[in-house]
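Now for the letters of each chain:
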Amino acid sequence: MFAAIFNIGWAATQVSHMAMVNCITLNSTSRVALTSSRNAFSMVANLGLYAIALVVFGVSEAVTKENTESQYRWIAYSSITVGCCFVVIFLMGTKEPRLRINLRETSRARIPWSYWFRKILYYQVAMVYLLTRLVLNVSQAYLAFFVIDDLQMAQSAKALIPAIIYVCSFVVSVMLQEIPWNGKRLKAYYCAGGIIWIFCGISILLLPRSINSYMYAISVFIGIANAVMLVTSISMQSVLIGSKLGGCAFVCGSLSFLDKMSCGLALYVLQSHQGTSPKVDVNIKEYFYFSVTRYGLGLVPAVCSLVGVVVTYFMELDSTILKPLCQPLLLE
């Protein structure tokens, strides 16, 4: 029940926040900058949760089961408190803007759903966004299990490797804000991120336990690919929306719905086959366990990235380069 309540709240927050980017500015470069900034602060939030956990684990020791439950309870209380503080800051500090320029009335009017279903670009963007979320969510779900169970690395690695991914994603997200964007560059950068993930997936599938330290290097490239693919795929939604602000919530909401349904089904299918994979004899001295965890982290994201790159290649996006606005489009 609480998981369902959480996802309802998360979906409402995510959709409205993504739609807000398109309402703030019509400039394509500015929209990408806002999206990359949004992703950068998401990484800051993830790292902040690790910092809270580090403080809690350092202050109290988990001697009994009750102590462990208390630790995680304090982590939950702390993260909820910090989140509520930022919600209050957002609601109180962000004023409703009004348009500086006069848009056509049709741009602000509510766009019927059928309008988007008649656009080929809608299905292409939906497929790319769905595949990108599959790459991120499935890899995130299996990362810690792969590091501990398959590679048999130290317990600290299941926190250190995700932290490396988040730091690299943060740095790349900040760098993406400085680039003048257009449709051609969105396609090129997404394809570059997808190709990086394909090589990362192949490396994960072939990585033996004897050289598991290479996972730290792979995590750097995963962080780079995650940031590039997520920022560009969300920015493709902005290109699809254009000046049709009355339909931005539907586009973001429908694509978010597809993303959650596909990720849930993918994880269900993978988990239903957990533990059924046999051991494969790689050489005489070593047995290599190709578990569902390894496939979930390596093969699934790599295949999704490949399909995403192919779909992106055939997209038709605007190629006009627009620099970020010197003044905001919207005024208080």
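Details of the structure are given in the entry above.
All values derive from a computational prediction rather than experimental measurement.

(A) The arrangement of the overall build of the chain in detail. A tally of regular secondary structure across the chain gives 11 helices and four strands. Counting the 332 residues in the chain, one finds 42% classified as buried. Carbon and sulfur atoms make up 69% of the accessible area of the chain, which amounts to about 18,500 Å² in all.

(B) A nonpolar patch on the surface, seen in detail. A grouping of Phe-41, Val-44, Val-167, Phe-170, Val-171, Val-174 and Met-175 is seen on the molecular surface, where their side chains present a nonpolar patch of about 600 Å² in accessible area. Elements with a contribution of two residues or more to the nonpolar patch: helix H2 (28-59) and helix H7 (157-176). In terms of residue count, the dominant contributor to the nonpolar patch is H7 (five residues). Looking at the element boundaries, Val-171 is found in helix H7.

(C) Spotlight on the pattern of salt bridges. All chains considered together, the criterion is met by one salt bridge. The closest approach of N and O atoms between Asp-259 and Lys-260, which form a salt bridge, is 3.7 Å. With relative accessibility at 27%, the residue Lys-260 sits in the partly exposed group.

(D) Structural context of empty space enclosed by the protein. Taken as a whole, this structure holds one cavity of 30 Å³ or more when the rule is applied. Roughly 30 Å³ of internal volume is contained in the largest cavity. Lining the largest cavity we find Met-18, Val-21, Asn-22, Thr-35, Ile-234, Gln-237, Ser-238 and Cys-252. When contributions to the lining of the largest cavity are tallied by element, the ones reaching two or more residues are helix H1 (2-24) and helix H9 (214-241). In terms of residue class, the lining of the largest cavity is made up of four nonpolar, four polar and no charged.

(E) Summary view of the packing of aromatic side chains. The full count for this structure, using the stated rule, is 11 aromatic pairs. For the pair Tyr-122 and Tyr-123, a centre-to-centre distance of 5.6 Å together with 80 degrees between the ring planes defines the contact as edge-to-face. A residue is classified by how much of its surface remains accessible, and Tyr-122, at 4% relative accessible area, is buried. For Tyr-123, a relative accessible area of 45% gives the class partly exposed. Their ring planes at 90 degrees and their centres at 5.2 Å tell us that Tyr-313 and Phe-314 sit as a pair that is edge-to-face. Both residues of the pair, Tyr-313 and Phe-314, belong to the exposed class. Three or more aromatic residues link up through ring pairs in this structure, and these residues are Trp-113, Phe-117, Tyr-122, Tyr-123 and Phe-250.

(F) Examining the side chain of Asn-212 more closely. With respect to the helices, strands and loops of the structure, Asn-212 is situated in the loop between helix H8 (183-206) and H9. For Asn-212, a relative accessible area of 18% gives the class buried. Within polar-contact distance, the side chain of Asn-212 engages the backbone oxygen of Leu-151 at 3.0 Å. Beyond its immediate sequence surroundings of up to four residues, Asn-212 is in contact with Leu-151, Gln-152 and Met-153.

How each quantity is defined
- Residues numbered from 1 in each chain as written.
- Predicted model: local features only at pLDDT ≥ 70, side-chain atom pairs only at ≥ 80, totals over all residues.
- Heavy atoms only, no water.
- Helix = DSSP H or I, 4+ residues; strand = E, 2+ residues; numbered from the N terminus.
- Buried < 20%, exposed > 50% of the residue type's maximum accessible area, 1.4 Å probe, protein only.
- Areas by Shrake-Rupley, 256 points an atom, 1.4 Å probe, with all protein chains shown as cover.
- Patch = residues over 30% accessible without salt bridge, like charges linked within 9 Å, V, L, I, M, F, W, Y side chains within 5 Å.
- Salt bridge = Lys/Arg side-chain N within 4 Å of Asp/Glu carboxyl O.
- 1 Å grid on protein atoms, 1.4 Å probe; cavity = no way out; pocket = protein on both sides within 12 Å on 5 of 7 lines; lining within 4 Å.
- Points joined across faces, edges and corners; volume = space filled by probe spheres on them.
- Nonpolar A, V, L, I, M, F, W, Y, C, P; charged D, E, K, R; others polar.
- Phe/Tyr/Trp six-rings, centres within 6.5 Å; stacked < 30°, edge-to-face > 60°.
- Polar contact = N/O pair within 3.5 Å; in protein donor to acceptor, adjacent residues only side chain to side chain.
- Contact = heavy atoms within 4.5 Å.

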